[in-house]
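What follows is the residue order along each chain.
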Amino acid sequence: MQNKTFKNFVQKILSEGKISASQVGNSVKRTSDFKILLNGGFIQYLPAVTGGGSYHLKSQEALKKYFSEKFPEEFKNNLSAIDNVHSFRNTKAAKRASQNVILIRGEETVILNGFETNLKQFTEKYGTFSVVLKTLDANKVCFVENLDSYLLAEKIITNGFIFIHTYGGIGKSTVNKVKAKEILVFPDYDFKGLHNYLLVKSVFPNTKLFVPENYETLFAIKSRTIKTRQGREQQPSKQVVECEEEIVVKIRSDIFRHRKFLEQQAVFK
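About the thresholds
- Residues numbered from 1 in each chain as written.
- Predicted model: local features only at pLDDT ≥ 70, side-chain atom pairs only at ≥ 80, totals over all residues.
- Heavy atoms only, no water.
- Axes fitted to C-alpha atoms, helices over the stretch in contact; angles between N-to-C directions.
- Helix = DSSP H or I, 4+ residues; strand = E, 2+ residues; numbered from the N terminus.
- Parallel < 35°, antiparallel > 145°, perpendicular 65-115°, else oblique.
- Left-handed = near helix turned anticlockwise from the far one by under 90°.
- Contact = heavy atoms within 4.5 Å.
- Nonpolar A, V, L, I, M, F, W, Y, C, P; charged D, E, K, R; others polar.
- Pairing = 2+ DSSP bridges.
- Phe/Tyr/Trp six-rings, centres within 6.5 Å; stacked < 30°, edge-to-face > 60°.
- Buried < 20%, exposed > 50% of the residue type's maximum accessible area, 1.4 Å probe, protein only.
- Lys NZ or Arg CZ within 6 Å of the ring centre and 35° of its normal.

**Student:** So what's going on with the packing of helix α9 (residues 191-203) against helix α12 (residues 246-258)? Which residues, and what values?
**Tutor:** Two quantities define a packed helix pair, namely the angle between the axes and the distance from one axis to the other. It is the contact of α9 with α12, at a shortest axis distance of 10 Å, that shows an interaxial angle of 160 degrees. Relative to α12, the element α9 lies roughly antiparallel. Crossing handedness for the pair α9 and α12: left-handed. Taking contact as the criterion, the partners of F191, L194, Y197 and L198 in α9 are, on α12, V248, I251, R252, I255 and F256. Its residues assigned to classes, the contact of α9 with α12 shows 8 nonpolar, no polar and 1 charged.

**Student:** Go over the sheet that holds strand β2 (residues 43-47) with me, naming the residues and quoting the values.
**Tutor:** With antiparallel pairing, the 3 strands of this open sheet are ordered in space as β1-β3-β2. Each having just a single partner strand, β1 (18-20) and β2 make up the two edges of the open sheet. The sheet shows a mean angle of 25 degrees between the axes of neighbouring strands, taken without regard to direction. Taken together, the 5 bridges between β2 and strand β3 (residues 53-57) define a ladder with antiparallel strand orientation. Each residue of the ladder has a partner; that of Y45, found in β3, is Y55. Running at roughly 120 degrees to β1, helix α1 (residues 4-16) makes contact with β1, β2 and β3 of the sheet.

**Student:** Which residues make up the packing of aromatic side chains, and what values go with them?
**Tutor:** According to the stated counting rule, one finds 15 aromatic pairs in the structure shown. Centroid distance F34 to Y55: 5.2 Å. Interplanar angle 85 degrees. Geometry classified as edge-to-face. Placement of F34 in helix α3 (residues 32-39) and of Y55 in strand β3 is noted, with a sequence separation of 21 residues between them. Judged by relative accessible area, Y55 falls into the buried class, the value being 8%. Judged by centre distance (6.0 Å) and plane angle (70 degrees), the rings of Y189 and Y215 are edge-to-face. With Y189 in the loop between β10 (178-186) and α9 and Y215 in helix α10 (residues 215-222), the pair connects residues that are 26 residues apart, well separated along the chain. Summarising the burial analysis for this pair, Y189 and Y215 share the class buried. Ring pairing ties together the aromatic residues F6, F9, F34, F42, Y45, Y55, Y66 and Y167, which thus form one cluster. Positioned over the ring face of Y150 is R105, at 5.8 Å from the centre of the ring.

Here it is in structure tokens:
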């Protein structure tokens, strides 16, 4: 949901640090975006002694990153003013290539930023949580492109994988901080998704692309136009054009031939 009400809520809690629960409308509270802010550790609800309660800013930098992803144009125009007023240390922080903020969930125990972390415990309690990634040592890791798919990924990808979603897109600075025996990428099946897969594969050559067994059927009935809302067609990167891996060639050819692609959400029943 990218409407004005939700945008105003995020801006207000960034600028004021907290908002009374009574000031947050049900139209905001009912959304999946609001639940992500709570479950991901961006904000938290604290009850008041006299009754009621308020929502407090819990992870300032993570919420700034979330805001820049959700409202990129508003972030450019408004967040610098918030930075100036509330002393976020660096007004140009939003333009940094990556702050390595990730969401992570799963049922395995991993070594995260040097600490043994039971992901199952956090996932069962909160659904997900966020971290500024320094190091991750795990057995099996799956990078998931979209938030909604990330929150459901275990329904179709099992066998001990943990799941990571990155804000601002997958970058080498984040991938280089991961150590795992198996790495999987679960993207949209478009040029951008293929590029992200190849980026991860350039760091970990044994990386696999998750493709559902019924890809052909799903493509035939669920694919959508490759054109953007502005009417332009998404273009492949040099890496995607030059790749000779069979599955990449297959998906790339489908896009070129039909001018359509399959979104990863189509994989879920």
